[in-house]
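Overview (structure and organization)
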There are 2 protein chains.
Amino acid sequence: MKGQVLAEPGRATIIDVGRAAGVSAKTVSRVFNGERYVSEGVAQRVREAAAALNYHPNMLARALVSRRSHLIGLVYERPSPSYVVDLQEGVLARLKDERYRLVVIPVASMSERAAEVVGLLRSAALDGVVLAPPASDDPRILADLAAAGIRSARIAPTRDIEAAPSNLIDDISAAREIAAYVLGLGHRDVAVILGDPTHAATDMRLAGYRQAFAAAGVEMAEDLIGQGAFSHETGYAAAAALLAGPRRFTAILAQNDDMAVGALLAAREAGLRVPEDLSIIGFDDSEVSRISWPRITTIRQPVFDMAVAAADMVIAQLEGREPRRRVQHAHQLIIRESVAPPPAG
Amino acid sequence: MKGQVLAEPGRATIIDVGRAAGVSAKTVSRVFNGERYVSEGVAQRVREAAAALNYHPNMLARALVSRRSHLIGLVYERPSPSYVVDLQEGVLARLKDERYRLVVIPVASMSERAAEVVGLLRSAALDGVVLAPPASDDPRILADLAAAGIRSARIAPTRDIEAAPSNLIDDISAAREIAAYVLGLGHRDVAVILGDPTHAATDMRLAGYRQAFAAAGVEMAEDLIGQGAFSHETGYAAAAALLAGPRRFTAILAQNDDMAVGALLAAREAGLRVPEDLSIIGFDDSEVSRISWPRITTIRQPVFDMAVAAADMVIAQLEGREPRRRVQHAHQLIIRESVAPPPAG
DNA sequence: TTGAAAGCGCTAACAA
DNA sequence: TTGTTAGCGCTTTCAA
């Protein structure tokens, strides 16, 4: 029995391995980090000793000395489940095989955000973060992150596009296209359901709709603009309110798919057939748009790809490479069964 | 100029704060950890110095010395987005205000799992993990976790219920109830769409169906049992195959809601009305069951609550408290519009 | 190609 | 009530 004993948790350290292999701790470190200048014989001995002792490097110690936690955060405000999962899977796809881990940081609401991000900065020891809306548009968050030396990349920001690496689609053009498609089918009385007003996409998409109406020479009815917040429930409520109002319309432009599906339910309850009596249009091409009935005509926004690219931008910065500053991702009009020409009458 | 200078990252340490406040590092540590035995005057000075230096504790250093990363993992195999999000939100709800962070660890498939979990053990420095199916049923994973000293709690395990803290519903009874309900309406030719065979819930739910059939004295048609894997697509495919087969049936028992919605699509494409011509039954009460049309009759499984409880069990262990070993959560039959008595003919 | 010494920023244990 | 001394397990000098 020597005076030195393994710590109670029984976890072997680099020193134990070194002792067992008859080398210094530094040499063990070299082997485990794949550094050059270790003779193959020594490396072999070290590996055997490590295996025998069931040694695994302590990430916490590594993190302390290297100042790298290998933790990447994903900050988002809970929209629909499928959007969140697309986002996460995209980031994870890029992190895979990279030694980085994903920490999810959903924030409940605008008001909570400030405190939430302070907490994020102070306590989470993140190396970098991917910011989804609306955090991606918050100048204060960007400033705090930069001040704390936390790398970031953004999904769908609309302001200060150059402030941090960005991944975008052209929301205005996309909204214009889909509205033009609807108007092109002959619709003239078109309702709109807006998303959360704190998300900049809400304004951009509305601007795109307006451009399409202007180009078609159709007046947009301001009293047919309902307010939602990107959820199924708010889409349902907004559509129900519009349908209960005095003004008739033959199509609804919802600013995302969840609200479009909510509107679908409201239409059914009002006894309307979709698309024969009422056309319903979404945005995002999220899973619900594909599994609803009828399936929703929408704009495909490559959330997964955007998340992959954002994660890549964060990693590039962490590795000292220059990240791409701004990637414009392609959107696409997806025509499905929820839209038809307006009823003859 | 002293010889000692702040590190380039400019981040103040506990020593800098101590120097500025005229106290030792340990005293600063006491203040920041809310320990007793610090006079209010000193505490005040320390706080002011910390604020002036923009000091924030280094979590990595804390983690090293306390042997706590404050990271909790969530291991799951990607089922539907709404299930995943329910799970995450449940864990996060319990972690909120607890200084723990959630690291998501989706594993692609059974085969990947072993290596994935080895990686988890070795590299992620997790304090604890919540295991969703099918990881929650894997004895090897449980053994490895225990060996590594990582606390765990499980969602919906079916084997070795006492091996680690568990959260369950009574899948057999639940499946029996919903099948009994369908048989009670008069259905006799009932198809089944199974979930992923590697998930134990698949077997349990089938067993429950069988019990109901036996109790009703109805023979279960083995050639009406289709294989799915819990996804919308597999539900669609399995239902389409059954509908294309020779044998008629008036109801489909799908083992989750996603597959039920897939079956709904297949029924529509086959020109069948749901529920007039064909009843469709799901399981889980996930979001899709509420937003589909018709809405799906299903069994409510409180995934969110189970995740909250599982996170609580992990935290209890980390704090040295005795966790609850086994919580049986209540399920509930949710009757909606996708089921009707069999057509008269 | 290898090792010794120093220290990352913090806290536990003890002393004052 | 406060401070001192040792590390946590690893990597980074720098020397051999």
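Summarised in this report is the structure supplied together with it. The structure presented is a predicted model; accordingly, all values stated were derived computationally and were not measured.

**Considerations on the protein's contact with DNA strand C**
Around DNA strand C there are 23 residues in total, and Thr27 and Ser39 of chain A together with Ile14, Ser29 and Tyr55 of chain B lie nearest to it. Ile14 of chain B is positioned with one of its backbone polar atoms (N or O) 2.5 Å from a phosphate oxygen of DNA strand C. A distance of 2.6 Å separates a phosphate oxygen of DNA strand C from a polar atom in the side chain of Tyr55 of chain B. For the surface near DNA strand C, the secondary structure elements donating two or more residues are α2 (25-32) and α4 (59-66) of chain A together with α2 (25-32) and α4 (59-66) of chain B. Across the surface near DNA strand C, the residue classes tally to 11 nonpolar, 7 polar and 5 charged.

**A short note on the sheet that holds strand β6 (residues 190-194) of chain B**
All names here are of chain B. Read across the sheet, 4 strands follow the order β7-β6-β8-β9 without closing on themselves; strand pairing throughout is parallel. Either end of the sheet is taken by a strand with one partner, and the two such strands are β7 (225-227) and β9 (279-281). On average, each strand axis in the sheet is inclined to that of its neighbour by 20°, with strand direction left out of account. Pairing of β6 with β7, which is carried by 3 bridges, proceeds in the parallel orientation. Within the sheet, the bridge partner assigned to Ile193 lies in β7 and is Gly226. Of the strands in this sheet, β6, β8 (251-254) and β9 touch helix α8 (residues 171-184), which is tilted by about 175° from β8. Contacts from helix α11 (residues 257-269) reach β6, β8 and β9, with the element oriented near 160° to β9.

**Structural notes on the sheet that holds strand β7 (residues 225-227) of chain A**
Residue and element names in this part refer to chain A. With respect to topology, 4 strands assemble into an open sheet ordered β7-β6-β8-β9, the strand pairing being parallel. Both outer strands of the open sheet, β7 and β9 (279-281), are each paired with one neighbouring strand and no more. Direction aside, neighbouring strands of the sheet carry axes that sit 20° apart on average. Across 3 bridges, strand β8 (residues 251-254) lies against β9 in parallel orientation. Looking at the pairing, Ala251 lines up with Ser279 of β9. The sheet contacts of helix α11 (residues 257-269) involve β6 (190-194), β8 and β9, and relative to β9 the element is tilted by about 160°.

**Section: the packing of aromatic side chains**
Residues and elements named next belong to chain A. Per the stated rule, a full pass over the model turns up 2 aromatic pairs over all chains. Both rings, one in Phe32 and one in Tyr55, keep their centres 5.0 Å apart while their planes meet at 75°; by these two values the pair is edge-to-face. Of the two residues, Phe32 is situated in helix α2 and Tyr55 in the loop between α3 (40-53) and α4; the sequence distance between them amounts to 23 residues. Judged by its relative accessible area of 9%, Tyr55 falls in the buried class. The ring of Phe283 carries Arg205 above its face, with NZ or CZ at 3.7 Å from the centroid.

Scoring rules and cut-offs
- Note that residues are indexed from 1 along each chain, following the sequence as it is written.
- Chain letters start at A and ligand numbers start at 1, both assigned in the order the entries are written.
- The model is predicted, so local features are restricted to residues of pLDDT at least 70 and side-chain atom pairs to those at 80 or more, both for listing and for counting; the totals for chains, interfaces and linings are taken over all residues.
- Based on all heavy atoms of the structure, the side-chain values leave hydrogens and waters out of the count.
- Here a residue is considered near a molecule or strand provided that any single heavy atom belonging to it is located within 4 Å of it.
- Any N or O atom pair separated by 3.5 Å or less is treated as a polar contact, with the protein-specific requirement of one donor-capable and one acceptor-capable atom, and with residues adjacent in sequence counted only for side-chain atom pairs.
- Starting at the N terminus, helices and strands are each numbered in turn, a helix being any DSSP run of H or I of at least four residues and a strand any DSSP run of E of at least two.
- Each residue gets one of three labels, nonpolar for Ala, Val, Leu, Ile, Met, Phe, Trp, Tyr, Cys and Pro, charged for Asp, Glu, Lys and Arg, and polar for the others, Gly among them.
- Should DSSP find at least two bridges between two strands, the strands are regarded as paired.
- Here the axes come from fitting lines to C-alpha atoms, over the contacting stretch only for helices, and the angles between their N-to-C directions go from 0 to 180 degrees.
- Contacts between residues were defined by any pair of non-hydrogen atoms, one from each residue, lying within 4.5 Å.
- A pair of aromatic rings is counted whenever rings of Phe, Tyr or Trp (Trp by its six-membered ring) have centres within 6.5 Å, and the orientation is called stacked for planes under 30 degrees apart, edge-to-face for over 60 and tilted otherwise.
- Here's how the labels work: a residue is buried when its accessible area is under 20% of the maximum for its type, exposed when over 50%, partly exposed in between, all with a 1.4 Å probe on protein chains only.
- Think of it as a cone above the ring: NZ of Lys or CZ of Arg counts as a charge over the ring if it is within 6 Å of the ring centre and within 35 degrees of the ring normal.

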